[in-house]
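Residue-level structure breakdown
What follows is each chain in one-letter form.
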Amino acid sequence: MPNTSDTPEYAAFRKMQVYEAAVADVHGADGVSAKERLLLERLRASLGIAETDAARIERDWIERRQLKTV
């Protein structure tokens, strides 16, 4: 992206965005399958995202989705 510095903060932010996009892709009406959960866990580990941060991302995404359906 032009005029963007690759700072550690920016890299961490992008990793969180990538994980959140994956969460949005796998969350269906029936939740997350065991296979999808494994894929999310592998992605989380490869991105170096803490389990607590991943859980917060998923929880926040679910809450935002529920607010949109109300």
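Structure first, text after, so check above.
I will try to describe carefully the structure that is included in this document.

Calculation rules
Residues numbered from 1 in each chain as written. Predicted model: local features only at pLDDT ≥ 70, side-chain atom pairs only at ≥ 80, totals over all residues. Heavy atoms only, no water. Helix = DSSP H or I, 4+ residues; strand = E, 2+ residues; numbered from the N terminus. Buried < 20%, exposed > 50% of the residue type's maximum accessible area, 1.4 Å probe, protein only. Areas by Shrake-Rupley, 256 points an atom, 1.4 Å probe, with all protein chains shown as cover. Polar contact = N/O pair within 3.5 Å; in protein donor to acceptor, adjacent residues only side chain to side chain. Contact = heavy atoms within 4.5 Å. Core = buried A, V, L, I, M, F, W, Y, C linked by side-chain atoms within 4.5 Å. Axes fitted to C-alpha atoms, helices over the stretch in contact; angles between N-to-C directions. Parallel < 35°, antiparallel > 145°, perpendicular 65-115°, else oblique. Left-handed = near helix turned anticlockwise from the far one by under 90°. Nonpolar A, V, L, I, M, F, W, Y, C, P; charged D, E, K, R; others polar.

Regarding its fold elements, the protein chain presents three helices and zero strands. N-terminal to C-terminal, the α/β element order of the protein chain is α-α-α. In terms of principal-axis extent, the alpha carbons of the protein chain reach across some 40 × 30 × 20 Å. For the protein chain, with 70 residues in total, the buried portion stands at 19%. As displayed, the protein chain has an accessible area near 5300 Å², and 56% of this comes from carbon and sulfur atoms.

On to the side chain of histidine 27. Note that histidine 27 resides in the loop between helix H1 (8–26) and helix H2 (34–47). The exposure class of histidine 27 is buried, given its relative accessible area of 12%. For histidine 27, the side chain forms a polar contact with the side chain of glutamate 58, separated by 3.4 Å. Not counting chain neighbours up to four residues away, the residues in contact with histidine 27 comprise Val32, Glu58, Trp61, Ile62 and Arg65.

This paragraph deals with the nonpolar core. The biggest cluster of nonpolar side chains holds ten residues, and these are Tyr19, Ala22, Val23, Val26, Leu40, Leu47, Ile49, Ala54, Ile57 and Trp61. Listing elements by their share of this core, those giving two or more residues are H1, H2 and helix H3 (51–68). Setting aside residues up to four positions removed in sequence, tryptophan 61 forms contacts with Glu20, Val23, Ala24 and His27.

Here the focus is the packing of H1 against H3. Where H1 contacts H3, the axes come no closer than 10 Å and their chain directions differ by 50°. The orientation of H1 with respect to H3, classified from their angle, is oblique. Seen along the crossing, H1 lies across H3 with a hand that is right-handed. Residues Met16, Tyr19, Glu20, Val23 and Ala24 of H1 pack against Asp53, Ala54, Arg56, Ile57, Glu58, Trp61 and Arg64 of H3. Grouping the constituent residues of the contact of H1 with H3 by class yields seven nonpolar, no polar and five charged.

Here we come to the environment of arginine 37. Take arginine 37: it is sitting in helix H2. Residue contacts for arginine 37: discarding those within four places in its chain leaves Val32 and Glu58.

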